[in-house]
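Observations on chain architecture
What follows is each chain in one-letter form.
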Amino acid sequence: MVTKEKQELVITKLKDGTVIDHIPQGRSLDVLKALSILKKTKNTIALIMCVDSKKIGKKDLLKLNNFELGHISLGKIAVIAPGSTIAIVKDYRVISKCQAAIPDVLISSLRCINSNCISNAKEDITSRFKVVSKEPLKVRCHYCERTFTGDGIVVDV
Ligand SMILES: [Zn+2]
C-alpha cells in the first residue's frame, strides 16, 4: 500500500510584522523589489510562492518580520498585486487587515516614462499620478499630463 504524503511547507508563525497574502502568482518578487525591503531590512522575510488558494487558484505570500508598510508602499502593492491583502500582526495576532486598493492619486509610487517630464529632470520632485481608471488601470502624470496604461505604468523602485 502506498500512503500519499501530503506536501507541506511549515513556516513559523509571525510574531510582529506584516503579511501580504493573495498576491497574484509570481508577483511576490516584484512586490519585494518595489518596497526596497531587501536593501533596508536585516529581518527575516518568508517568501512563499505558488500556494493553493481557494480564491485565486495559485497565489504568492510574503511574511515580513518586524516590518510596517507606509502608504506609499500600499499604493505600489495595489498596482503590482491588485487584490492582495495586507495584515498587520502584533504578538502573533492580526490587529488589522485590509485589501490593497488603488487610491485616486498615486504619490511617489510610479515613475513617469516621458523622458522630457520635469519629474525626471529634478530629483526633488515627487511623482504624482491621477488615477483616471482603476480597471484597467490608467493613470495621468500630474506634471506632463501624459496618460499611461499597461506597460507604460512603471512602479518606482
Ligand atoms: Zn510626466
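Residues numbered from 1 in each chain as written. Predicted model: local features only at pLDDT ≥ 70, side-chain atom pairs only at ≥ 80, totals over all residues.

As for the overall build of the chain
Assigned secondary structure in the chain consists of 4 helices and 11 strands. Residue burial in the chain is summarised as follows: out of 157 residues, 23% are buried. Long-range contacts, defined here as pairs at least 24 residues apart, represent 62% of the contacts in the chain between residues at least 6 apart. (Helix = DSSP H or I, 4+ residues; strand = E, 2+ residues; numbered from the N terminus. Buried ≥ 20, exposed ≤ 12 C-beta atoms within 10 Å, placed from the backbone. Contact = placed C-beta atoms within 7 Å.)

Comments concerning the domain arrangement of the chain
On domain assignment, one finds that the chain holds domain 1 (17-99) and domain 2 (105-155). Here the C-alpha centre of domain 2 lies 24 Å away from the C-alpha centre of domain 1. Tallying the contact residues gives 6 residues for domain 1 and 6 residues for domain 2. Counting residues per element, the side of domain 1 that touches domain 2 draws most heavily on helix α3 (residues 71-80), at 5 residues. In terms of residue class, the side of domain 1 that touches domain 2 is made up of 4 nonpolar, 1 polar and 1 charged. (Domains from an automatic or database assignment. Nonpolar A, V, L, I, M, F, W, Y, C, P; charged D, E, K, R; others polar.)

Some remarks on unusual backbone geometry
The linkage connecting Glu135 with the following residue, Pro136, adopts the cis geometry, with an omega of 0°. As for its position among the elements, Pro136 is in the loop between β8 (128-134) and β9 (137-141). Phi at Asp91 takes a positive value of approximately 50°, unusual for a residue other than glycine. If you trace the backbone, Asp91 turns up in the loop between β4 (85-90) and β5 (93-99).

Notes on the sheet that holds strand β6 (residues 105-107)
Spatial strand order, β6-β8-β9-β10: 4 strands in an open sheet with antiparallel pairing. Edge positions in the open sheet fall to β6 and β10 (147-149), since each of these has one partner strand only. On average, each strand axis in the sheet is inclined to that of its neighbour by 30°, with strand direction left out of account. Bridge count between β9 and β10: 3 bridges; the pairing is antiparallel. The partner of Arg140 across the bridge, within β10, is Thr147. (Pairing = 2+ DSSP bridges. Axes fitted to C-alpha atoms, helices over the stretch in contact; angles between N-to-C directions.)

Let's talk about the pairing of strand β3 (residues 57-65)
As defined by bridge partners, strand β1 (residues 17-24) adjoins β3 across 6 bridges and the pair is classed as antiparallel. Directly across from Ile23, in β3, lies its bridge partner Asp60. Two strands pair when backbone bridges link them, and strand β2 (residues 45-53) and β3 are joined in this way by 7 bridges, in the antiparallel orientation. Bridge pairing in β3 links Ser53 to Gly57. What sits between β2 and β3 in their antiparallel hairpin is a turn of 3 residues.

A few points about α3
Counting buried positions along α3 gives 7 out of 10 residues, so the element sits mostly inside the fold. Turning to α3, its buried residues number three or more, namely Ser73, Gly75, Lys76, Ile77, Ala78, Val79 and Ile80.

A closer look at the sheet that holds β3
Taken together, the 5 strands give an open sheet; going across it, the order is β2-β3-β1-β4-β5, and neighbouring strands pair in antiparallel fashion. Looking at which strands have only one partner, the edges of the open sheet turn out to be β2 and β5. If you compare each strand with its neighbour and ignore which way they point, the axes differ by 20° on average.

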